[in-house]
Each structure stands twice: as structure tokens, then as C-alpha cells.
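# Descriptive structure summary
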Amino acid sequence: MDPPRVITTLDDLRAAVGPLRRAGWRVGVVPTMGALHEGHLSLVHASRAECDFTVAWIFVNPSQFGPGEDYARYPRDLQADLDKLAACGVELVFAPAEGEVYGPEHDTWVEPGAVAGPLEGEHRPGHFRGVATIVLKLFNMIAPDAAYFGQKDYQQALVIRRMTADLDLPIEIRVCPIVRESDGLAMSSRNAYLSPAARRRATVLWKSLCLAKELVAGGERGAETIARRMREVILSAEDARIDYVALVDPETLQQVERVDRPTLAALAVRIENTRLIDNCILTVE
Ligand code: AMP
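Keep in mind that this is a model prediction, so the values were computed, not measured. All residue numbers refer to positions counted from 1 along the written sequence of the respective chain. It should be noted that, the model being predicted, local features are given only for residues of pLDDT at least 70 and side-chain atom pairs only at 80 or more, the latter also being counted only at that level, while totals for whole chains, interfaces and linings use all residues. Hydrogens and waters are ignored; side-chain quantities use all the structure's heavy atoms.

## Quick notes on helix H3 (residues 78–87)
- Every buried residue of H3 is listed here: Asp81, Leu82, Leu85 and Ala86. Looking straight down H3, one finds that the buried residues subtend no more than 135° of arc, so they occupy a single side. Projecting away from the buried face of H3 at angles above 90 degrees are the exposed residues Gln79 and Ala87.
- For helices the rule is a DSSP run of H or I covering at least 4 residues; for strands it is a run of E covering at least 2, with both sets numbered from the N terminus onward. Of the residues one or two after H3, Gly89 is the one with positive phi, at around 85°. We call a residue buried when its accessible area falls under 20% of the maximum for its residue type, exposed when it is over 50%, and partly exposed in between, using a 1.4 Å probe and counting protein chains only. This arc is taken over the directions from the axis of the helix to the C-beta atoms.

Structure follows, in C-alpha cells:
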């Protein structure tokens, strides 16, 4: 496959995408921070299946990282990303420099509402403000018909859906299932930080979600009991530190007491100082 065309300026982006939109093509966008893996590529495949043209966006967005987080060391490998996107048949990649996205006088932010408050919102203050702002800018830059996100970042997808509805953006938000490694660990660019031993310990995240599903299938309905059992599994891994293990309403993200309708089990755990997140929906037969 030919390598995709890489565009770095907004002018070139608009010049490339504008005529396609005017010709009535359905344009899909896949926002990523690069260091691409099969999880990202599943979004690309979904977009290519549903749209006439797919733009992959690669930008490590500084405004969604808090002080002391991993912005500086976040993995960046544009050439490897381009090879993967070429193999998927992507024709256009937008990979702007920071200055192209945030001018020196940039001073306008999107402040998401209640759905950004709990879970990640409590542990990463300002994170969703940065996410919502960059996604709105991206939507305005590309004016896509559809945008593809992963359930891996469940709360992020909810924040984007809310913003899209509240701000009347004519864009379809598609959320694709979590792609996992063969041992269940959700694929993530941050998995690369883990030493081999920590990588093995990281399977406790998926094991705890599987246990939650088993407990619900076995008739357990008490959210606190399920969460406690999940924490035990996670803490069986040496050096695991829990940011949260929560059973919440899948729409509001408010804690539930009983799992008697579909419930989101969501967790954030640090292993060897690498912060990993995962989630699943618990369904009641
Ligand atoms: P990131 O590059 O981490 O910002 O992720 C870009 C997009 O890929 C987001 O919508 C993520 O939810 C999605 N994504 C990341 N990991 C996975 C995965 N394992 N499965 C499915 N989607 C994912």
C-alpha cells in the first residue's frame, strides 16, 4: 500500500478535505495520540468500512495532561504509525505541530459538565477540558461526518457525545469495542512503559473485570461487594495502586448500590507507576 499523505498545516488539511466534502463524500476521522496499536486500528477499520474517506489524526495533546503526568515521555513514533496506517489503506494523516493547533494567544476552553466530574475527572483535574477542547477544534478543522472513539476511554466517549449533542455538532460519534491482548490486557500505548514482569502483573485489571462479570452472573447484586472482590484481585499484584474501582450508571457515571440493570465497572490502577484504565459493562440476565 502507498504511504498516507501526511499533512501538518490547517490550510493544507482544509484544501485536502474540503473538495471531498463538497463532492458529497462521507468523511470519517480517527483522533489518536499516535503510538498506534490494534485498538487504534480497529477504529480506522470501522471508519473505512462506514465512510468514503478517513483522516487519521495524530497529536499528543498537551492540554489533556496534568502537571507531573507523562506528556514529555509519551511514546512518539510517526514512521511506525504511518506504516501501520498505510497497511490499513489510510490515505491522509493530519499530524500537526503543537504551534499549529494552539497559537500563542490561545485562551478559549471547552468546560464539560457533570459527566466529566467523577472517575477520571477526580483523578485528572482538567483532563476532560483539554480533551473536549482539542476534539472540538479537530471537529472544526476537519468537519467530519463521523468520528471514531474507543470504549477503552469510556468516560471520554461520554464527554464527547454530550458535547456533540449540547453544541449541536452535526457529527456522528461512533464508539468501538475494546481491543485486548491475548491475556486480556486492554491495548494501550502506555503498556509499553511496563517492564516484562509488570506487564504480567497488569493482567489483574482484566481478571478483576472478569470476576465482576462472574459474580453478577452468579447472582451477586451488591455493588460494594463486587467492588471489594475486584480490589482484592487487583491488590494481589505486587505494587498495584488503585486510583478507583467503581460500579456506576453507564450514562451518568454516578455510583450504584445494586447491579440490577446494566452497570459500568470502571477502574484505574497504577502498576509500576504506569497508570492503566479499563472497563466493562456488567449485564444482568
Ligand atoms: P489515544 O491515542 O490513547 O488517545 O486513543 C485514541 C483512541 O483510540 C481513543 O478513542 C481510544 O479510546 C481508542 N483506543 C485506545 N486503546 C484502545 C483499545 N484497546 N481498543 C479500542 N480503542 C482503543
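## Considering the pairing of strand E8 (residues 263–271)
- Burial within E8 is extensive, with 8 of its 9 residues counted as buried.
- Here E8 pairs with strand E9 (residues 274–282) via 9 bridges, running antiparallel. By the bridge assignment, Ala265 is partnered in E9 with Cys280.
- Here, strands pair whenever DSSP counts at least two bridges between them. Where E8 folds back on E9, the antiparallel hairpin that results is connected by 2 residues, among which Glu272 adopts a positive phi of roughly 55°.

## What about the site of the ligand?
- Residues are classed as near a molecule or strand on a simple rule: at least one heavy atom within 4 Å of it. The environment of the ligand is formed by 17 residues, the closest being His40, Gly150, Asp153, Val179 and Met187.
- Interatomic distance of 2.9 Å between a backbone N/O atom of Met33 and an oxygen atom of the ligand.
- In these tables, accessible area is a Shrake-Rupley quantity obtained with a 1.4 Å probe, and a residue counts as shielded only by the protein chains included in the view. When isolated, the ligand has an accessible area of 480 Å², and the protein chains bury 93% of it.
- Of all the secondary-structure elements, those providing two or more residues to the shell around the ligand are strand E2 (27–32), helix H2 (38–50) and strand E5 (146–150).
- The greatest single-element share of the shell around the ligand, amounting to 3 residues, is contributed by H2.
- Throughout this entry, Asp, Glu, Lys and Arg are counted as charged residues, while Ala, Val, Leu, Ile, Met, Phe, Trp, Tyr, Cys and Pro are counted as nonpolar. The remaining residues, Gly among them, count as polar. Residues that form the shell around the ligand fall into these classes: 9 nonpolar, 6 polar and 2 charged. Polar contact is the term for a pair of N or O atoms within 3.5 Å; when the atoms are in protein, one must be able to donate a hydrogen and the other to accept it, and sequence-neighboring residues count only if both atoms are side-chain atoms.

## Section: the environment of Glu98
- Assignment of secondary structure puts Glu98 in helix H4 (residues 98–101).
- Separated by 36 residues in the primary sequence, Glu98 and Pro62 have C-alpha atoms spaced 8.1 Å apart.

## Digging into the sheet that holds E8
- Taking strand neighbours across the sheet as the criterion, the 3 strands line up as E7-E8-E9 in an open arrangement whose pairing is antiparallel. Of all the strands in the sheet, just strand E7 (241–248) and E9 have a single pairing partner and so form its edges. Each strand of the sheet is rotated relative to its neighbour by a mean of 10°, with strand direction disregarded.
- With respect to the sheet, helix H9 (residues 204–217) is in contact with E8 and E9, its orientation differing from that of E9 by roughly 20°. Every angle, taken between N-to-C directions, lies between 0 and 180 degrees, and every axis is a line fitted to C-alpha atoms, over only the stretch in contact when it is a helix. Residue contacts are defined here by distance: any two heavy atoms, one from each residue, within 4.5 Å place the two residues in contact.

## Things to note about the domain arrangement of the protein chain
- Domain assignment breaks the protein chain into domain 1 (5–176) and domain 2 (189–280).
- Counting each side, the surface lost to burial between domain 1 and domain 2 is near 1,800 Å², with a carbon and sulfur contribution of 51%.
- Buried surface area refers to the total accessible area, computed with a probe of radius 1.4 Å, that the two partners give up upon joining, counted for both partners together. When residues of domain 1 are sorted by the area they lose upon contact with domain 2, Leu119, His123 and Tyr154 head the list and together hold 32% of the total.
- Salt bridges are identified by distance alone: a Lys or Arg side-chain nitrogen within 4 Å of an Asp or Glu carboxyl oxygen. Taken together, domain 1 and domain 2 are joined by 2 salt bridges.
- We note a salt bridge from Arg275 to Glu120, for which the minimum N-O separation is 2.8 Å.
- Taken together, the connections running from domain 1 to domain 2 amount to 11 residue pairs in polar contact (both at pLDDT 80 or more).
- Looking at the side of domain 1 that touches domain 2, the elements that each hand over two or more residues are helix H5 (120–123) and helix H7 (154–166).
- For the side of domain 1 that touches domain 2, the element with the most residues is H7, which contributes 3 residues.
- The residue makeup of the side of domain 1 that touches domain 2, split by class, is 9 nonpolar, 6 polar and 6 charged. Delimitation of the domains relies on an automatic or database domain assignment.

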